[in-house]
Amino acid sequence: MRDVAVVSGAPDVSDAPVAFKAACPECRARFELDAGDLRLAIGGSRRTTFYSFTCPECGIQVRKPAGERIVELLTGGGVSTLRSV
């Protein structure tokens, strides 16, 4: 099962709203998040490349690894990105 998936938006329209499906590993809630609810950190390795969000149900900070496809989906959907050198 994928960690995140785009559920709305049009790839050819840069200002179309995008929502991402996500799940909390703590409370197991499933929900949709806007790009502003997610943060993406791209580091020099798999270990330092991840996305994070706050679970809207239980309030915990969730951090999950982000492979190439996840990075592509999140950056394409307008998620704020921090790149480390």
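It should be noted that the structure appears before, not after, this text.
The rules behind the values
- Starting afresh in each chain, residues are numbered from 1 along the sequence in its written order.
- Owing to the predicted nature of the model, reporting of local features is limited to residues with pLDDT of at least 70; listing and counting of side-chain atom pairs is limited to 80 or more, with chain, interface and lining totals taken over all residues.
- The basis for the side-chain values is all heavy atoms of the structure; hydrogens and waters are excluded.
- Exposed residues in this analysis have more than 50% of their type's maximum accessible area, buried residues have under 20%, and partly exposed residues fall in between, with area computed by a 1.4 Å probe over protein chains only.
- Helix and strand assignments follow DSSP, with helices taken as H or I runs no shorter than four residues and strands as E runs no shorter than two, numbered in order from the N terminus.
- Directions pointing from the helix axis toward each C-beta atom define the arc.
- Between 30 and 60 degrees the pair is tilted, below 30 it is stacked and above 60 it is edge-to-face, where a pair is any two Phe, Tyr or Trp rings, Trp via its six-membered ring, whose centres lie within 6.5 Å.

Visitor: Go over helix α1 (residues 68-76) with me, naming the residues and quoting the values.
Guide: Counting along an α-helix, one turn takes 3.6 residues, and residues three or four places apart therefore face a common direction. Three or more residues of α1 are buried, namely I70, V71, L73 and L74. Along the long axis of α1, the arc covered by the buried residues comes to 165°, so they all point the same way. Exposed and oriented more than 90 degrees from the buried face of α1 are E68 and G76. G78 sits one or two positions beyond α1 and adopts a positive phi of about 90°.

Visitor: An account of the packing of aromatic side chains is requested, with residue identities and associated values reported.
Guide: By the definition in use, this model includes two aromatic pairs. Taking the centre distance of 5.8 Å and the plane angle of 75° together, the rings of F31 and F53 count as edge-to-face. Placement of the pair is F31 in strand β3 (residues 30-34) and F53 in strand β5 (residues 50-54), with a sequence separation of 22 residues. The class of F53 is buried, set by a relative accessible area of 1%. Feature note: the residues F31, Y51 and F53 constitute an aromatic cluster, connected by ring pairs.

Keep in mind these values describe shape, not function.
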